[in-house]
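# Residue-level structural notes
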Amino acid sequence: MKRPGKKVATDRSFVVALSRGLDVLRAFHPNDGLLGNQEIAARTNLPKPTISRLTYTLTKLGYLTSVPRFEKYQLAPSAMALGYAALANLGVRHLSEPFREELMRETGGAVAVGGRDRTSMIYFGQSRGQTIGVQLDVGSRVPIATTAMGRAYLWALPPDERAVLLRELREHYGSRWSRMRDGIERAGETIEKLGFAISAGEWHDDIHAVGVSLKLNDGTGPYAFNCGAPAFRFTEDRLRNDIGPRLVAMVRNIEAALGGAAPQSKNENKKLKAGGRVARVVEGIR
């Protein structure tokens, strides 16, 4: 989910207590098992006494289950029901499944679709078969800055939204930002030239992938797809000349089946290309 556009301190409509409660639920990741108040406090950067009140409240509401023996918690069925309800309403997940399965069989790679979750992308559809080395599944998060899926998503945003996200990424990565920024800038140039982003060992040394964004005209998204595999299977040459073009064709077919994409305005095109390098016009990338 995207962070609110306004600063919390000046947004009188923003409910801080609700935000903190949702942060507690977000602290639980796939395959985590049980979490205690101290672990949740570390993940949310909230004081432990605050976490204790929040976990007590969420337990009473049925979103957490207490395990007294270990003094820890796990997500309850009510929390999981929210996630399944969201998945059920994502038409792009269901419609894209046969396309993803076909590309997976053709390339031998894992094919996924995801949306933004703060500074990460979260998978809500995954087709990976027996792909070696790719263990991600629905609910997994991958970073925006270093993955093909994340970079494709970032460059699909309108310029003002992209600038906001870039500032968040800069704050998130701190001293590592210059290296992240360079990869994002290269991705913008690759997308402009080839239509897809590439991440060759920039997230994990042994994983290579391409990413393509999907834009719809119903106001949802953008979303992004990726196709990845171990580096020995998806060489950089194959990414550029085979896997990337295949993924672009797949996403454009899905886009058409879902009703097409909103056309990019001429002004946005000019902003993207101003100065000769796509990334330099983005506030916050330097």
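Reference entry: report on the structure contained in this document. Since we're looking at a predicted model, the values are computed, not measured. (Residues numbered from 1 in each chain as written. Predicted model: local features only at pLDDT ≥ 70, side-chain atom pairs only at ≥ 80, totals over all residues. Heavy atoms only, no water.)

Quick look at the packing of helix α7 (residues 159–173) against helix α8 (residues 177–194) now. Working note: a packed helix pair is described by the angle between its axes plus the distance between those axes. Running from N to C, α7 and α8 point in directions that differ by 145 degrees, and their axes come no closer than 9 Å. The segment α7 lies against α8, with Leu166, Leu169, Arg170 and Tyr173 engaging Trp177, Met180 and Ile184. Here the residues of the contact of α7 with α8 are counted per class, giving six nonpolar, no polar and one charged. (Axes fitted to C-alpha atoms, helices over the stretch in contact; angles between N-to-C directions. Helix = DSSP H or I, 4+ residues; strand = E, 2+ residues; numbered from the N terminus. Contact = heavy atoms within 4.5 Å. Nonpolar A, V, L, I, M, F, W, Y, C, P; charged D, E, K, R; others polar.)

With respect to the secondary-structure elements, Val92 resides in helix α5 (residues 91–107). By relative accessible area, which is 4% here, Val92 ends up buried. Setting aside anything within four residues of it in sequence, one finds Val92 in contact with Phe124, Leu214, Tyr223, Phe225, Ile254 and Leu258. (Buried < 20%, exposed > 50% of the residue type's maximum accessible area, 1.4 Å probe, protein only.)

With eight of eight residues buried, strand β3 (residues 110–117) lies mostly within the body of the structure. Across five bridges, the pairing between β3 and strand β8 (residues 223–230) is antiparallel. Of the residues in β8, the one forming a bridge with Val113 is Phe225. Note: β3 against strand β4 (residues 120–127), seven bridges, orientation antiparallel. Looking at the pairing, Gly115 lines up with Ile122 of β4. Once β3 ends, the chain turns through two residues before running back antiparallel as β4, passing Arg118 with a positive phi of about 60 degrees. (Pairing = 2+ DSSP bridges.)

Glancing now at the side chain of Thr55. Note on placement: Thr55 falls in helix α3 (residues 48–60). A distance of 3.0 Å separates a polar atom in the side chain of Thr55 from a polar atom in the side chain of Asn37. There is a polar contact of 3.1 Å between the side chain of Thr55 and the backbone oxygen of Ser52. Leave out the neighbours within four places in its chain, and Thr55 touches Val24, Asn37, Ile40, Leu64 and Tyr73. (Polar contact = N/O pair within 3.5 Å; in protein donor to acceptor, adjacent residues only side chain to side chain.)

Quick look at the environment of Asp242 now. Mapped onto the secondary structure, Asp242 falls in helix α9 (residues 236–257). Considered as a pair, Asp242 and Thr107 are 135 residues apart in the sequence and their alpha carbons are 8.9 Å apart. A polar contact of 2.6 Å, which involves the side chain of Asp242, links it to the side chain of Arg246.

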